[in-house]
Structures are given as structure tokens and as C-alpha cells.
Amino acid sequence: MGNYFTDNPVLKHYLQHPLMQRIMELKERNFSDAAAYDYAPLDAEDCMDSYEKVLEICGEICADILEENAEVIDQEGPVCKNGRVEYAEGTLRNLEATTKAGLMGMAVPRRYGGLNFPVTPFIMAAELISRADAAFENIWGLQECAETLYEFGTEEQRQAYLGRVCAGETMSMDLTEPDAGSDLQAVMLKATLDESDNTWRLNGVKRFITNGDADIHLVLARSEEGTRDGRGLSMFIYDKRNGGLTVRRIENKMGIKGAPTCELVFKDAKAELCGSRRLGLIKYVMALMNGARLGIAAQSVGLCEATYRGALSYALSRKQFGKAIIEFPPVYEMLALMKGKLDATRSLLYETSRFVDIYKCLEDIARERNLSPEERTEMKTYSRWADAYTPLAKGMGSEFANQNAYDAVQIHGGSGYMKDYACERWYRDARITSIYEGTTQLQVIAAIRYVTTGAYLEKIKAYQQEEVFPEFSELRQRLLAMTAKYEEMVAYVTGVQQDSFLDFCARRLVEMAGHIIMSELLLKDAATAESLRSSAKVYVQYAESEISRHETYIRGLDVKEEAYLEAFRPCCDL
Ligand SMILES: Cc1cc2nc3c(=O)[nH]c(=O)nc-3n(C[C@H](O)[C@H](O)[C@H](O)COP(=O)(O)OP(=O)(O)OC[C@H]3O[C@@H](n4cnc5c(N)ncnc54)[C@H](O)[C@@H]3O)c2cc1C
């Protein structure tokens, strides 16, 4: 019997971070729920204990059920029959196990039947599930649509749907259409209000919808006739029980094969408006996507963990030239870098989830009472950090998941190319993480403003005010030099005063900030978690080289009369 939570002690380090005290107090309203629910925690210790217990159960299910089923599900996949999705048998068993264990509706408030977990332990469960089966994590993880329904739906809608999610019904977010991918303002699925019975009807096509035959859907649709931009879009709740939706096909895709990616046809499908008209994209879907992006960051960390462990185990057992391949420096260098990227991206993931937790809890409290001026400031501060860190965690975490999957296959040599080892599946599964929920290029667009406004720098300087663990003072000096280089490059790129130059260099600037932030977080975390110390050293070395590489690249671009644009264009004319 394995356990993906207890076999990885560093997870408790993140779960027991000092900021969790504040998060528990806010989430549990100073533990007042204990009077109404006998299973609600009495105090912070009791609360932490309940998070750990649930994560232990989750870890056991991951190792003993989900991981065991993953390979067969990948081969079988779901099928589309008569306009409906039939999951692979293993997926049904996974759903049954996670539902029975109370892992559906984890973050839903107790009064609707959920566990009332904050984002941080929920995201940790997502990491564990992804390590076992990234495809199943998609189906399970879509329960976070319930958060958006809770935030923007009416009390009646909460009562109608949230309990069903806790009981194991699944969800989907239906945004993408053939002509609306990265640019969701172009969504055209039509929502019409039938004045006679005050009912909304949906007509049109959605594509690439994960778990598209879910029980409950959140659908982005055009409610305002004659409009063409984001302000004409609203969000709707579609309940499968009402009919009107058929699955035209399931995509035949590269990876995450266990999660059906569907083309959907809505034909006079009855739906309910969620929130106010016209705010569908600009407010609700933005909130939905931020949550989902954090989910993909967790999925990426889970894949980094799986690929690292798989590669390590193979390198220890495979012998060539009379010794285990792990003894060859090029192999152990690859492994050390994989571990460094895994630990760095995990530090960023949980820093981000804590920021999200604090502001979301305060936002929720504001629905019940007026916040004090201090609480309002706290909410605004954490909301800003959450917005700044989410695209970094998703953008860089997903790229690391891809890089680590690539290196895991490399370490397996020819065997890695065969289906005999799980790394072949991880390689295919990882590829999507940098595409859905906004491609890496779209994460850069979301993040660049925090480069130009100095928000990342402000945070980096705050980390650098803190004492560093004595063994790391040399690393801190190197980080100070990297920060100076980053500041210099931001000043240089913005000083050129060409929008296209900023666009051209944005990804490099965002990555520079990300590398420094992740290095600083690793130094902080490694002070109390000994297992992170070697990763901190390796990652700072890597970050330093990446920052120099980006500097050299940017400095090499000829900015006179935008000559760099001309230099790159010939290859695009082909
Ligand atoms: C397996 C899978 C599951 C999915 N699940 C869901 C789901 O559950 N719900 C849902 O609604 N959608 C889902 N999607 C859709 C997914 O979110 C989109 O595919 C993704 O957002 C990219 O859109 P696109 O495919 O149209 O690519 P495009 O938008 O056409 O992008 C193509 C390329 O152009 C780049 N690009 C586009 N615009 C810009 C820009 N302004 N600046 C720089 N580069 C740009 C992109 O980065 C990308 O490299 C899923 C997709 C897949 C493949």
C-alpha cells in the first residue's frame, strides 16, 4: 500500500506554513462552525489535523487506485455513443473512490455538504491526483467550477447545484469555440431569453470541452444580440437533466486520453443566467480561469513529481559501462535540475495558493459583514499578489512539467520511447499543460504588467529584506546581482519606448522575474525544510544562467528603427 501524501514529507512543510494560521482562522470564522456541525474543527490544531487526514486518504487512493488504473484508462479512453460520453471503466472506479472519500466538493462550504477546505489543501490534493493520473485530475479538478457558481450564483442556485457536486456529480467549463480560443471575446454561442416563460435557451457549438458531458456546465454565451465583443457575453448554468445538448464527438488527442475532450452542440438547451448579464467574460470567466490556472499549475507540479521519481528510479537500476547510469555526471545533472525545477515550481504554487486563500476568504466574509479597513487592505494586497503570481505559476510550472517529462524520457533512453514505462504517457500528458487555460504566451500577456509596474520587483525586494539561512548567504549575494540585472533589463526594454519591443522581450522579462522569485522562495523554504537545500543551490545556479542568457539575447537585438523585427521576418515569409 502506497501513499502519495506521506511518502513526500515536504508537502507537510507547505501545508504547515505560518500563513496557514491566518487562512484557517478566516476560513473557519474563528472556528464558529463547530457549534453547528459536529465534524467542524474546534481550533487550528484540529483543523490542520483534518486537512492532513483527508490528504492522507487522498494519497492512499492516488497510489492504490488512481495510479493502478492510469495505464489502462490511457489505452481505453472514453467513447462517444449516441451523443453521450461513456467513461473508461477505470475512470468510473476512480470517481467512485474519490466521491466515497469525500474528495468531491472539497472546497464547498459545509452548509452545502462540502468539506469547507481552503484552496491550499485542495490544490495539494490536485497535485497528488495529477502525480497518479493527470487525465483523471482534469475530471476531478473541474469541481472548482463550483467555486465560481458559489461566488456569483444566487442562493437558490447554490442550493440546487453545490450539494450535487459534493455527491459526486461532475462539472465542465464551456468556453472555447472553433473561432474563439485564446480570444474568448469572439464567443458566438447564442443565448436567447424566451420572454414567455423567462427562460434562457442556448444554441450553438463549443469545442475542446474537457468532460463535455458533465452533469453541470458553466457556459459562456452571447446574450446581447448585435454585440461582437466581451461585453455582450454572459455566463450560464446548464443542467444535463434538462437535455438539449449532444456530444458530437470526442477528440482523438495526444495525451490526457482518459479525460474526454468534446465537441458539443447546444440546441434550444434550457439554461440559467449566473450573475449579471454582460459580466460573463470580464468578471466571472476571469475568476473561473484564475482558479483553473492554479489547478493546471498543480497538475504541472504533480507531473514534475511523477517524472522525477520515474527517472530517478530508472537511473538507479539501469546499468551501462559496468555501473548504474545515475553515476554519470550528465545523468545526475539532468536529475538534479529536474528536482530543482520541481521544488522551485512547488514553492511558487503554494505561495500563490496562500495568497488566493487569504483574499478569497476575506471576499467571502465581506458577503456576510462589512470588512474593517485593515481587512480591506489585507484583501486588496493579497488579491494583487494572487493576480501577479497565478500566471507565473501556471506559465513557468507548465513549461517545467514539459521539460521534466522530456528529460525523464531522455534518462530512460530507448525504453522511454516505448509504452513499457509510464514516462511515455507523462510526456504526452504534460504537453497540454502549457496550452489550455491560456497558453504560455497568454500567461506572459497577463504577467508583463507586473514587470513594468514594478510589482514583481517590490516582492523580490521584500523577500530580500529577510534574513537568509547562513549556508545561503553566498546564494543571496548572487540573487542580489541577478535582481540588479533584471532591473537593468526592465529599464532598458521599457526605455526603448517601442510597444513591439516590449512584446518581443516580454517572455524573457517575465521568466527573469519568475526565476528570481522561485529562487528566493526556495531559499526561504529550505531554511526549515532540509530536503530542499540541494535544490535551492541547483536552482539558483540554473536561474543565474537563464538570466544571463535572456540578457545576452535582448542586448543582441538591434533596436534602431525596429531592425530586430526585420531580422526575424524573413523566416516568417517562407
Ligand atoms: C485537451 C484540451 C482540453 C481543453 N479543455 C477545455 C475546456 O475544458 N474548456 C474550454 O473552454 N476550453 C478548453 N480547451 C481549449 C483551450 O483552452 C484552447 O485550445 C487554448 O486556450 C488555445 O486556444 P486555441 O486552441 O484556439 O489556440 P489559438 O488561440 O489559435 O493560439 C494558437 C497560437 O497562437 C498564440 N497566440 C494567440 N493569441 C496570441 C497573442 N495575443 N499573443 C501571442 N500569442 C498568441 C498561442 O499562444 C498559440 O501558440 C481545451 C483544449 C485542449 C487541447
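Keep in mind that this is a model prediction, so the values were computed, not measured.

## Quick word on the packing of aromatic side chains
Taken as a whole, this structure holds 21 aromatic pairs when the rule is applied. Pairing Tyr51 with Phe117 gives two aromatic rings, centres 4.8 Å apart and planes at 70°, and the pair type is edge-to-face. Taken together, the residues Tyr51 in helix H3 (residues 44-76) and Phe117 in the loop between helix H4 (89-100) and helix H5 (119-132) connect sequence positions 66 residues apart. In this structure, Tyr51 and Phe117 share a single accessibility class: buried.

## What to know about the site of the ligand
Taken together, 19 residues are adjacent to the ligand, and Thr176, Ser182, Phe208, Thr210 and Thr439 come closest. At 2.6 Å from a nitrogen atom of the ligand is found a side-chain nitrogen or oxygen belonging to Thr176. Within the contact set of the ligand, a nitrogen atom lies 2.9 Å away from a backbone nitrogen or oxygen of Phe208. Coverage of the ligand by the protein chains reaches 65% of its 970 Å² of free accessible surface. Secondary-structure elements contributing two or more residues to the shell around the ligand are strand E5 (199-210) and helix H13 (440-452). Taken together, the residues of the shell around the ligand sort by class into 10 nonpolar, 7 polar and 2 charged.

## With respect to the nonpolar core
Judged by nonpolar contacts, the single largest core of 161 residues is most densely connected at Trp140, Leu202, Tyr456 and Tyr486. If one sorts the elements of this core by residue count, helix H10 (residues 329-365) sits on top with 17 residues. If near-sequence neighbours (up to four positions away) are discounted, Trp140 is found in contact with Thr98, Leu103, Met104, Met106, Phe122, Ala125, Ala126 and Ile129. Cys145, Phe152, Ala180 and Cys274 belong to the second-largest nonpolar core, a separate cluster that totals 31 residues.

## Observations regarding the side chain of Ser347
Take Ser347: it is sitting in helix H10. With relative accessibility at 0%, the residue Ser347 sits in the buried group. Within polar-contact distance, the side chain of Ser347 engages the side chain of Asp525 at 2.8 Å. With residues near it in sequence (within four places) discarded, Ser347 still touches Tyr14, Leu521, Leu522 and Asp525.

Here is what the cut-offs are and how they apply
Residues numbered from 1 in each chain as written. Predicted model: local features only at pLDDT ≥ 70, side-chain atom pairs only at ≥ 80, totals over all residues. Heavy atoms only, no water. Phe/Tyr/Trp six-rings, centres within 6.5 Å; stacked < 30°, edge-to-face > 60°. Helix = DSSP H or I, 4+ residues; strand = E, 2+ residues; numbered from the N terminus. Buried < 20%, exposed > 50% of the residue type's maximum accessible area, 1.4 Å probe, protein only. Near = heavy atom within 4 Å. Polar contact = N/O pair within 3.5 Å; in protein donor to acceptor, adjacent residues only side chain to side chain. Areas by Shrake-Rupley, 256 points an atom, 1.4 Å probe, with all protein chains shown as cover. Nonpolar A, V, L, I, M, F, W, Y, C, P; charged D, E, K, R; others polar. Core = buried A, V, L, I, M, F, W, Y, C linked by side-chain atoms within 4.5 Å. Contact = heavy atoms within 4.5 Å.

Scope: geometric values only; no functional claims are made or implied.
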